[in-house]
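Below, each chain spelled out in residue letters.
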Amino acid sequence: MKIRIALILCLLLGTGCSSRGFYMTEGDAGPSQVIAKDNEFVVLRVGNDDARTLAKRFFGDEARYWVIEDANDSHPVEPGNVIIIPLRDSNPTGFGYEGYQTVPILCYHRFGNRGDRLEVSSEQFREQLNYLKENDYRVIPLADLLGFLKGERALPKRSVVLTIDDGHRSIYREAFPILKEFGYPATVFIYTDYMNNGGLKTDEIAAMTESGLISIQPHSKSHGNLAVRRHGEDHKQYQRRIRREVTFPTKKLAGQLGQKPRFYAYPFGDANDQVIQELQANGLLLGLTVQPHANAAFSYPYLLHRTMIFGDRDMDVFKSSLVTYKSRKK
Amino acid sequence: MKEPIRLLSLFVCVVIILVDSGCAHDKRRGSGASGAYADPAIWISTAEAHERQGDLQRALFEYRVARSLDKQDAAIDRAISRLEKHIAEKTRQLMKLGKKAVRQGKLSRARQRYLETLSLDPNHKAALAALRKLDERSSKRSMEKKVTLSQRNSKRRGKRQKGSAHEYEEEAYTYSRQAILQAGDRPANILAFIEELEKHVKKYPRDQELRRLLSKTLMGQAEKSYRAGKYNDTLNHLERAEKAASGDKTKINTITKTRKEFAKGLYIKGVRSSRKEPKQALIYWEQALKFDPQDKRTRLRIQNMQTM
């Protein structure tokens, strides 16, 4: 009798062990198993992989993990699940039957607690970035918009771009540590007269660019309004000023950073045809305004919209600025 | 002899249970949505459903996944080829209609046709270029309006003090105004718009233009509330409009006039209901006095009603 009970216990114990040995569990799922593959799709049963390792294997770039996540959005990339991996970018413009993808570009200025409209506190900034993280928004570098705007490269769903204007030192002191904490990229637009002259210092700029998260781009030389002629300024003087305000900071930043700037944020968000032509003549590819709303793949690249983030607005206003999809029937 | 046989039969039973539980686990994995992804028939069936709904892009995508899973099925190839031709034909027609609409100056119709084209074929370069042209046009137009506002502001403010603190203050002021004056969704989010205006006016009390705008917007809200019979809200809006317009005699006179009109309207409502609903009449008159505390007729009516 004792032997019989011992045998039953052994067998029952064995059931648990054998279950682990024969079938996949999360801890030990074995290698992912390709079910089908051609030049368009891979269909596979997920093993010991996540979206990042699969992206590295199939795209050679783990940063493109979102392609796999977005293609299987109702179907998580988890051990045992069969998923599809699209090998071709079949929807580079983000268009669906009901509508199309839009990318909000948020525009910050300075960080602190002076209670100014343009100033966002560290706490607010952290709360906003945390909201992006918790709600599956993907913060992408501004440079990623280039392929999307050409209709050549898809962007992750719920993409958001962060930009910070002027080059206040509070960017380095307060915003940069928080951006690093979240691993979020941002573009800082600097007006070069302000550099080392009340604004960001050369070593601060270097530290931020070296992190790989911050891209420094021009925001004019003196921060004068480029679309409004000054009192008594004639046409030639105006043209000269526009040229100087675009060319000088572009060259200065190129010299300092060893990389030619590609984007430009208009001071006060104002531009006209002449200013746009000047950007084009300097090889700049995107011009950013402060006209609110998000950008679609067909947005005009020299008048991209940005939403201003004011320090005295609440989280609901912030949330409402994150429009990442628009119905085409509106 | 019996004992080993019993033990053997027990062992066989447990093995059967074990194997069965393993199979069940496998079945569970295969029959759910997860397993369905490996089944071309499921992809074909969802593709057909999307095609019926008109979502041809999604249908094509799903037929293509089915083809990746089953390269031998000629029916899938035929479905893909048929759908590709159908999409090409539809987008050709839509592009034609879009171009025609542009020629006729019907730009929002043209935009719709191009959007439809891209929803069928997200790689359609001509539709993307056409939409971009329309976007460039509308963005430039709204930029011109914005620059006009900046020019007006620049003339009004004149030459400002130099120095980073002053320049920064000027920038904050300018952006604050811009955000308000360019709010495209003003009618849809009127309360948020008023809130923004009040914040701005509180911060920059000398901005007369936006104070006038705030006062005007609050007056509009007051009228809306009055029509809806929300008299306390009406009063609240009028009081805020007065505060925004303080120092502007013309505006204050307009608001006072509106107060009197609302008071008169409530007085008449009271008169009309005084016979059948005297209590309601009293409420109307008391409300009327809040709008125009000096109105003698209303005071008299209330006194008469109370002495009755």
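Keep in mind that this is a model prediction, so the values were computed, not measured.

Colleague: Whenever I open this one, the nonpolar core confuses me. Can you help?
Modeller: Generally speaking, nonpolar side chains in soluble globular proteins are found buried as a group. Membership of the largest hydrophobic core comes to 35 residues, with the highest contact counts inside it found for A:Tyr108, A:Leu132 and A:Leu162. Where this core is concerned, the elements lending two or more residues are strand S5 (105–108), helix H4 (122–134), strand S9 (159–166), helix H6 (169–182), strand S10 (186–190), helix H7 (202–210), strand S11 (214–218) and helix H10 (315–320) of chain A. Take this core: its biggest share by element is 6 residues, from H6(A). When residues no more than four places from it in sequence are discounted, the contact partners of A:Tyr108 are A:Val120, A:Phe125, A:Gln128, A:Leu162, A:Thr163, A:Ile164, A:Asp165, A:Ile309 and A:Phe318. Counting 32 residues, the second largest nonpolar core, distinct from the first, contains A:Ile105, A:Val161, A:Ala297 and B:Leu118.

Colleague: What is the right way to read the packing of aromatic side chains from this model?
Modeller: Each aromatic ring pair is specified by the distance between its two centres and by the angle formed by the two planes. Summed over all chains, the structure comprises 20 aromatic pairs over all chains. Three or more aromatic residues joined by ring pairs form one cluster here, namely B:Tyr226, B:Tyr231, B:Phe262 and B:Phe291. Over the ring of A:Phe59 we find A:Arg64; its NZ or CZ atom is 5.8 Å from the centre of that ring. The aromatic ring of B:Tyr267 is capped on one face by B:Arg297, whose charged end is 4.4 Å from the ring centroid.

Colleague: Help me understand the interface of chain B and chain A, please; the structure alone is not making it clear to me.
Modeller: Quite often, the size of an interface is put as the accessible area lost when its parts meet. Opposite the 69 residues of chain B that make contact, chain A presents 77 residues. Interface area lost by chain B to chain A is led by B:Tyr37, B:Tyr168 and B:Tyr175, which between them contribute 12%. Inspection of the region where chain B meets chain A yields 6 salt bridges. In this structure, the salt-bridge partner of B:Glu196 is A:Arg117, at a minimum N-O distance of 3.0 Å. Looking at the side of chain B that touches chain A, the elements with two or more residues in it are helix H1 (2–31), helix H2 (33–36), helix H3 (40–53), helix H4 (56–69), helix H6 (107–120), helix H7 (125–157), helix H8 (164–181) and helix H9 (190–203) of chain B. Among the elements that take part in the side of chain B that touches chain A, H7(B) stands out by supplying 15 residues, more than any other. Of the residues that constitute the side of chain B that touches chain A, the class distribution is 26 nonpolar, 22 polar and 21 charged.

Colleague: Whenever I open this one, the pattern of salt bridges confuses me. Can you help?
Modeller: Pairing is possible between side chains of opposite charge, provided their charged atoms come close. Going through the model one piece at a time under the given rule, you end up with 33 salt bridges over all chains. Put simply, B:Glu196 and A:Arg313 hold a salt bridge, and the shortest N to O gap is 2.6 Å. Here B:Glu196, found in helix H9, pairs with A:Arg313, found in the loop between strand S14 (307–308) and H10, and the two come from separate chains. Across the pair, exposure class does not vary: B:Glu196 and A:Arg313 are buried alike.

Colleague: Whenever I open this one, the pairing of strand S1 (residues 33–37) of chain A confuses me. Can you help?
Modeller: Note on strand geometry: in a regular strand, side chains alternate between the two faces of the sheet. Residue and element names in this part refer to chain A. Note that S1 and strand S2 (residues 41–45) share 4 bridges and pair antiparallel. Bridge pairing links Ala-36 to Val-43 in S2. Hairpin connection between S1 and S2: a loop of 3 residues separates the two successive antiparallel strands.

Rules behind the numbers
Residues numbered from 1 in each chain as written. Chains lettered and ligands numbered in written order. Predicted model: local features only at pLDDT ≥ 70, side-chain atom pairs only at ≥ 80, totals over all residues. Heavy atoms only, no water. Core = buried A, V, L, I, M, F, W, Y, C linked by side-chain atoms within 4.5 Å. Buried < 20%, exposed > 50% of the residue type's maximum accessible area, 1.4 Å probe, protein only. Helix = DSSP H or I, 4+ residues; strand = E, 2+ residues; numbered from the N terminus. Contact = heavy atoms within 4.5 Å. Phe/Tyr/Trp six-rings, centres within 6.5 Å; stacked < 30°, edge-to-face > 60°. Lys NZ or Arg CZ within 6 Å of the ring centre and 35° of its normal. Buried area = accessible area lost by both parts, 1.4 Å probe. Salt bridge = Lys/Arg side-chain N within 4 Å of Asp/Glu carboxyl O. Nonpolar A, V, L, I, M, F, W, Y, C, P; charged D, E, K, R; others polar. Pairing = 2+ DSSP bridges.

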